[in-house]
Structure formats: structure tokens, C-alpha cells
Amino acid sequence: QQLVNMMWAYATLRTQEPPLRQLGALQGRLNALAPLGRANLAWSVAKLMVRSWPIEELVTECRHAVPEMNGQNLANTSW
């Protein structure tokens, strides 16, 4: 969750160089995130225009979390 929060902060600050190395630490662990964490990570990755990360894994995990998401989580994921 701390890495997701860090990515959210980078996206909020509109940094030009997202911490891709740290983002890589989340690979294979996305299923452990709460729906809010998955939604925030999806928003952050989109906002930072990250292209070099396995987006498919994130999309799959967000789909699995949809039944547990509230309106705000769904909006952040859809953005």
C-alpha cells in the first residue's frame, strides 16, 4: 500500500520521472491490494502515462476487484 501511495503522490505532483523501479516491486502482488489501492494505482499509472509496466496485470486485478469497489474507486479506475 505504501508503494501505491507513493505512486499517487508522484501523479498528484505531476512528476516527469515516475519511480518505475519501485513500481516494479508491485508486479505479482497486485492481488494483495485492497480495491482502493488498485483504483489509486490505476489512476496513478494513467496520470503518469506509464507505458513500460505490465498494464494487463493491473487491468485484470482491477476487474477482479470491481464487485468490492465503491463509486469513487470505480471512477478512479475508469479514469
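Residues numbered from 1 in each chain as written. Predicted model: local features only at pLDDT ≥ 70, side-chain atom pairs only at ≥ 80, totals over all residues. Heavy atoms only, no water.

Caption draft 1: Inspection of the side chain of arginine 38 at higher detail. With respect to the element layout, arginine 38 can be found in helix α3 (residues 35-47). Residue classification places arginine 38 among the buried positions, given a relative accessible area of 9%. A distance of 3.3 Å separates the side chain of arginine 38 from the backbone oxygen of leucine 30, its partner in a polar contact. The residues contacting arginine 38, other than those within four sequence positions of it, are Leu30, Asn31, Ala32, Leu33, Leu58, Glu61, Cys62, His64 and Ala65. (Helix = DSSP H or I, 4+ residues; strand = E, 2+ residues; numbered from the N terminus. Buried < 20%, exposed > 50% of the residue type's maximum accessible area, 1.4 Å probe, protein only. Polar contact = N/O pair within 3.5 Å; in protein donor to acceptor, adjacent residues only side chain to side chain. Contact = heavy atoms within 4.5 Å.)

Caption draft 2: Structural detail: the confidence of the model for the protein. For the protein, per-residue confidence averages 84 on the pLDDT scale, and 99% of positions sit at 70 or higher. The secondary-structure element of the protein with the lowest mean pLDDT is helix α2 (residues 20-24), recorded at 76, while α3 shows the highest, at 88. (pLDDT = per-residue confidence, 0-100.)

Caption draft 3: Fine view of the nonpolar core. Residues Leu23, Leu26, Leu30, Leu41, Trp53 and Leu58 are the most contacted members of the largest nonpolar core, which totals 19 residues. Only α1 (2-12), α3 and α4 (55-65) provide two or more residues apiece to this core. Here leucine 23 is in contact with Met7, Leu41, Val45, Val50 and Trp53, once residues within four sequence places are set aside. (Core = buried A, V, L, I, M, F, W, Y, C linked by side-chain atoms within 4.5 Å.)

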